[in-house]
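# Structure assessment
Spelled out, the chains give:
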Amino acid sequence: MNKHVELSADYFPSEDEPFMCERHREYFRRKLLDWKESILNESRETVREMQEDARNIPDLADRASEETDRALELRTRDRQRKLIGKIDAALRRIEDGSYGYCEDTGMPISLRRLDARPIATLSLEAQERHERREKVYRDD
């Protein structure tokens, strides 16, 4: 794929262009890479803050509160770590030409959905069907 596609700062993929043309792929590739970099920066900042804040708090209530905050922060970072895997998978799909197409139906996923959720692998309709099936078969 040509990595030198020029996009203006205000470019947004249009339905008037061929679906997943080079400009669309480059737009989503940049969006995914920016998102990944943002997550990695936040993670580095969390690690730095935790290393600087390693202190002994004598008050039990304050210590419990601090540990709860840290546990929540670590849980958030773990979810973001998993998100990075999904971002990397989306980047691979851009490279292999399957990005933007529903894994269920093979039909294009709407540009608006991809812009809102660039790691989407299902069209909105397929996602809704999947969620309905999940709800029906879920163990309550």
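For the structure, see preceding data.
Just so we're clear, the structure is a prediction, and the values are computed from it rather than from any experiment.

### Structural notes on the packing of aromatic side chains
- Evaluation of the coordinates by the stated rule reveals 5 aromatic pairs.
- Note on phenylalanine 19 and tyrosine 101: the rings are 5.1 Å apart at their centroids and 85° apart in plane angle, and the pair reads as edge-to-face. With phenylalanine 19 in the segment before helix H1 (22-52) and tyrosine 101 in the loop between helix H2 (60-96) and helix H3 (111-116), the pair connects residues that are 82 residues apart, well separated along the chain.
- Note on tyrosine 101: relative accessible area 30%, which makes it partly exposed.
- Ring plane angle 45° and centroid distance 5.6 Å describe the contact between phenylalanine 28 and tyrosine 99, whose orientation is recorded as tilted. Here phenylalanine 28, found in helix H1, pairs with tyrosine 99, found in the loop between H2 and H3; they are 71 residues apart in sequence, far enough to count as distant.
- Residue classification places phenylalanine 28 among the buried residues on the basis of a relative accessible area of 0%.
- A connected cluster of aromatic rings, assembled from ring pairs, spans Tyr11, Phe12, Tyr27, Phe28 and Tyr99.

### Observations regarding the nonpolar core
- Residues Phe28, Leu32, Ile87, Tyr99 and Leu114 are the most contacted members of the largest nonpolar core, which totals 23 residues.
- Those elements giving two or more residues to this core turn out to be H1, H2 and H3.
- The element best represented in this core is H2, accounting for 6 residues.
- Excluding residues within four positions of it along the chain, leucine 114 makes contact with Phe19, Met20, Phe28, Tyr99, Gly100, Ile109 and Ala120.

About the thresholds
Within each chain, residues carry numbers counting from 1 in the order of the written sequence. Where local features are concerned, this predicted model is filtered to residues with pLDDT of at least 70; where side-chain atom pairs are given and counted, the filter is 80 or more; whole-chain, interface and lining totals use all residues. Note that water and hydrogens are dropped before the side-chain values are worked out from all heavy atoms of the structure. A pair of Phe, Tyr and Trp rings is counted when the ring centres sit within 6.5 Å of each other, with Trp represented by its six-membered ring. The angle between the planes then sorts it: under 30 degrees is stacked, over 60 is edge-to-face, the rest tilted. Secondary structure follows DSSP: runs of H or I at least 4 residues long count as helices, runs of E at least 2 residues long count as strands, and numbering of each begins at the N terminus. Note on exposure labels: buried denotes an accessible area under 20% of the residue type's maximum, exposed denotes more than 50%, and partly exposed covers the range between, all computed with a 1.4 Å probe on protein chains only. Nonpolar core, defined: a set of buried Ala, Val, Leu, Ile, Met, Phe, Trp, Tyr and Cys residues in which side-chain atoms within 4.5 Å join the residues together. The contact rule is simple, with two residues in contact once any of their heavy atoms fall within 4.5 Å.

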